[in-house]
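Take a look at the letters that make up each chain.
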Amino acid sequence: MTRLTVELGARSYPILIGEGLLDELGAHVAPLLKRPRTMIVTDTHVADAYLAKVGAALGAEGISFSSLVLPAGEATKSWEGLARLTEWLIGEGVERSDHVIALGGGVIGDLVGFACSIVKRGCAFIQVPTTLLAQVDSSVGGKTAINVPAGKNLIGAFHQPALVVIDPTTLSTLPRRELGAGYAEVVKYGLIDDADFFAWCEANGAALLAGDTAARAYAIAHSVAAKARIVAADERETQDIRALLNLGHSFGHALEAETGYSARLLHGEAVAAGMVLAHRFSAAKGLSSAADAERVRAHLASVDLPHSLASAGINTGGAALAAHMAHDKKVRGGKLPLILTRGIGRSFVTDEYGLDSVAEFLDGQAA
C-alpha cells in the first residue's frame, strides 16, 4: 500500500492506494468514526459491483450503514440530485461528526462532497473513488460542486475529505471508454509541468489502458502525488498554481456544455480535446511550437480519445463555444484566464487573450 498526504495543516488527510483496499475499508474508516455507523452514497453501476463488498468490509469492523443509490451519469450532479441527497442525509439523522462515504466516480464524489459541505453547516466525508478519473483527480483536493444550465461546477464549495481510499482493482470493471476518459487526466499531469511523465505516457499509455496493473499503479500514484503537491501549495486557487490543473478544462467545459453534459461526451473526453485545443491555441499565438501541439494530438488520438472538435462530435461555431466559456467560474473582472503552454510540461495562466480571439481560433478548428 502507498500512503500519501495532502498537507493542509490541521486539515491534512491521507490518501491510501493499494489493491484490495476495498476489502480492508472498515479498518481504515473505523478510527475516524465517533459512533460505529456511516452512510454510503453510490450510483446504480457501482452499487451492483461494489456495494456488497464495501458493506461486508464495514460489517467486519462492527460498523453499520445505510445506503443511497443514485442514477449513474452527469445528470445526477444537479440541484435535484443535491436536494435528494441532502434530504436523505437529514432523514438518516446525519451528525456533524459522521463520515459519509462517497463510493463511485467523479459525479458521486463531487455531489457527496458538496452535500457534506452544507448539511448541518458541514459534516465529514470519505472519498472511495472507483473510476480512473476520480482516482487521479477529482477525489483529491476538496473541490465539490453541481452543474447548472449556465455551466459546469458553478455551484459548489471547497470541502476537503477526511480520507481517500483508492483500490486500483475497481478499474477492472470499468468500461474502456470510462477508462480512457480518466486517462486524459493522467496525461494532463505531464503536460502541466512534467515533460518526462508525458513521455512515460506516450510509452506506456496503451499498456495502461489494456490492463497493465503495474502501469496503472504507477500512473495513479504519480498523478495523486502531483495533485496533492499542487493542492497543498494553493488550496483555494488564489495564486494561479492550482489553476494549472484546469489545463484543457476551459475549452473542454464549453464542449460539455454544447453537448448538454450528456453521455455524448464524457468529462475526460472533453478535457482531452480541450488540451489539444489549448496547445494549438498556444501555437497559433506563437507561444509554443506546432510540433508540440501535434505531439499531444497524436498521443491522444493513438489511445482513441477525442483530439479535435470533429472527433469530439462538435460542429458548432466558435462564437457559441466562446459564449459557454464566458460562464466559466474562473472569470475575473470580465476576463477568462486561460491555461496555455510554452511547450510540453510548461503550462502557465494568462488573461491576455479575449474570448473574441478564442472564438476566431475555434472557427478555424472546425474542419
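Located above this text is the structure these notes cover.
Small disclaimer: the values here were computed from a predicted structure and weren't measured.

Draft legend 1. Representation of helix 3 (residues 79–91). Between its first and last C-alpha atoms helix 3 spans 18 Å; for 13 residues at 1.5 Å apiece the expected length is 18 Å, and the two agree. Of the residues making up helix 3, those classed as buried are G81, L82, L85, T86, W88 and L89. The arc that holds every buried residue of helix 3, seen down its axis, measures 160°, which confines them to one face. Residues of helix 3 that are exposed and angled more than 90 degrees away from the buried face: E80, E87, I90 and G91. Residues of helix 3 that are buried sit in contact with strand 3 (37–43), strand 4 (64–70), strand 5 (99–104), helix 4 (106–118) and strand 7 (143–148). Within two residues after helix 3, G93 carries a phi angle of roughly 75°, on the positive side.

Draft legend 2. Structural view of the environment of L336. Summarising the element assignment, L336 is placed in the loop between helix 12 (318–325) and strand 10 (338–341). We classify L336 as buried; its relative accessible area is 5%. In sequence terms L336 and A157 are 179 residues apart; their C-alpha atoms lie 20 Å from each other. When residues no more than four places from it in sequence are discounted, the contact partners of L336 are S250, M325, D328, K330, V331, T350, D351 and L355.

Draft legend 3. View of the sheet that holds strand 4. With mixed pairing, seven strands are arranged side by side in an open sheet as 1-2-9-6-5-3-4. Each edge of the open sheet carries a strand with a single partner, namely strand 1 (2–6) and strand 4. Adjacent strand axes in the sheet meet at a mean angle of 20°, parallel and antiparallel pairs treated alike. When strand 6 (residues 124–129) meets strand 9 (residues 163–166), the two strands line up parallel, connected through two bridges.

Draft legend 4. Focus on the side chain of T259. Relative to the helices and strands, T259 is located in the loop between helix 9 (249–258) and helix 10 (267–284). Take T259: its relative accessible area is 5%, and that puts it in the buried class. At a separation of 3.0 Å, a polar atom in the side chain of T259 contacts the main-chain carbonyl oxygen of E256. The residues contacting T259, other than those within four sequence positions of it, are R264, L265 and I314.

Draft legend 5. Here's a closer look at the packing of helix 9 against helix 10. The geometry of helix 9 relative to helix 10 is characterised by a closest axis approach of 7 Å and an angle of 130° between their N-to-C directions. Taken together, the axes of helix 9 and helix 10 lie oblique to each other. Note that helix 9 runs across helix 10; the crossing there is right-handed. Of helix 10, the residues touching helix 9 (which contributes H249, F251, G252, H253, L255 and E256) are H267, A270, V271, A273, G274, L277, A278 and F281.

Draft legend 6. Spotlight on the environment of G190. With respect to the helices, strands and loops of the structure, G190 is situated in helix 6 (residues 176–193). In this structure the C-alpha to C-alpha distance between G190 and A215, which are 25 residues apart in sequence, comes to 15 Å. Setting aside residues up to four positions removed in sequence, G190 forms contacts with A195, F197, F198 and G345.

So, how was this worked out
- Residues numbered from 1 in each chain as written.
- Predicted model: local features only at pLDDT ≥ 70, side-chain atom pairs only at ≥ 80, totals over all residues.
- Heavy atoms only, no water.
- Helix = DSSP H or I, 4+ residues; strand = E, 2+ residues; numbered from the N terminus.
- Expected span 1.5 Å × (residues − 1).
- Buried < 20%, exposed > 50% of the residue type's maximum accessible area, 1.4 Å probe, protein only.
- Arc of directions from axis to C-beta.
- Contact = heavy atoms within 4.5 Å.
- Pairing = 2+ DSSP bridges.
- Axes fitted to C-alpha atoms, helices over the stretch in contact; angles between N-to-C directions.
- Polar contact = N/O pair within 3.5 Å; in protein donor to acceptor, adjacent residues only side chain to side chain.
- Parallel < 35°, antiparallel > 145°, perpendicular 65-115°, else oblique.
- Left-handed = near helix turned anticlockwise from the far one by under 90°.

Any functional reading would require information that these geometric values do not contain.
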